[in-house]
Amino acid sequence: MVINNTRQILIELQKIMIEKGIKKKKLSDKIGLSSSALTSRFNQDNISIDSLLEICDGLDVCMDISFSNKDDTKLS
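Before going into details, it helps to say that this report is about the structure given with it. Here the structure is a predicted model, which means the values were calculated and not measured.

Overview of the overall build of the chain
Right, so step 1: The helix and strand tally for the chain stands at four helices and zero strands.
Right, so step 2: For the chain, the N- to C-terminal ordering of α and β elements is α-α-α-α.
Right, so step 3: Counting only C-alpha atoms and orienting by the principal axes, one finds that the chain spans roughly 40 × 25 × 20 Å.
Right, so step 4: Going through the 76 residues of the chain one by one, you find that 25% of them count as buried.
Right, so step 5: For the chain, restricting intrachain contacts to residue pairs at least 6 apart in sequence, the fraction spanning at least 24 positions comes to 48%.
Right, so step 6: Total accessible area on the chain stands at roughly 5600 Å², and carbon and sulfur atoms take up 51% of it.
Right, so step 7: The centroid of the 11 positive side-chain charges in the chain is displaced by 7 Å from the centroid of its 11 negative side-chain charges.

Some words on helix H2 (residues 24–31)
Right, so step 1: Residues of H2 that are buried: Leu 27, Ser 28 and Ile 31. Looking straight down H2, one finds its buried side chains confined to an arc of 100°; they lie on one side. The exposed residues of H2 that point more than 90 degrees off its buried face are Lys 25 and Lys 26.
Right, so step 2: Note on H2: the residue one or two positions beyond its end, Gly 32, has a positive phi of about 75°.

What about helix H1 (residues 6–20)?
Right, so step 1: In this model, H1 (15 residues) spans 21 Å end to end at C-alpha, consistent with the 21 Å of a helix rising 1.5 Å per residue.
Right, so step 2: For H1, the full list of buried residues reads Thr 6, Leu 10, Leu 13 and Met 17. Along the long axis of H1, the arc covered by the buried residues comes to 60°, so they all point the same way. Turned more than 90 degrees from where H1 packs its buried face, Ile 18 and Glu 19 sit exposed.
Right, so step 3: Of the surrounding elements, those touching the buried residues of H1 are H2, helix H3 (35–43) and helix H4 (49–58).
Right, so step 4: The N-capping residue of H1, defined by a side-chain oxygen 3.1 Å from the backbone nitrogen of Arg 7, is Asn 5.
Right, so step 5: Of the residues flanking the end of H1, it is Gly 21, one or two places downstream, whose phi is positive at about 70°.

Parameters and conventions
Residues numbered from 1 in each chain as written. Predicted model: local features only at pLDDT ≥ 70, side-chain atom pairs only at ≥ 80, totals over all residues. Heavy atoms only, no water. Helix = DSSP H or I, 4+ residues; strand = E, 2+ residues; numbered from the N terminus. Buried < 20%, exposed > 50% of the residue type's maximum accessible area, 1.4 Å probe, protein only. Contact = heavy atoms within 4.5 Å. Areas by Shrake-Rupley, 256 points an atom, 1.4 Å probe, with all protein chains shown as cover. Lys, Arg positive; Asp, Glu negative; His and termini not counted. Charge placed at Lys NZ, Arg CZ, Asp CG, Glu CD. Arc of directions from axis to C-beta. Expected span 1.5 Å × (residues − 1). Polar contact = N/O pair within 3.5 Å; in protein donor to acceptor, adjacent residues only side chain to side chain.

In structure tokens:
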């Protein structure tokens, strides 16, 4: 999957939440944020990698990042 912005990543994380049946309240408790702080993170247009990793940790998923040329040729 090619992601062009952090908004798309956050949408994918929300899909994972739905698939796993995890509500924002449960996730916010697990990562030590208030529900409103977590909601703010999901509404950001530009979220830090650290914040994304924190959310991934709370969802028990790993974020796998790879880089490729725009012509789909993977870089070493």
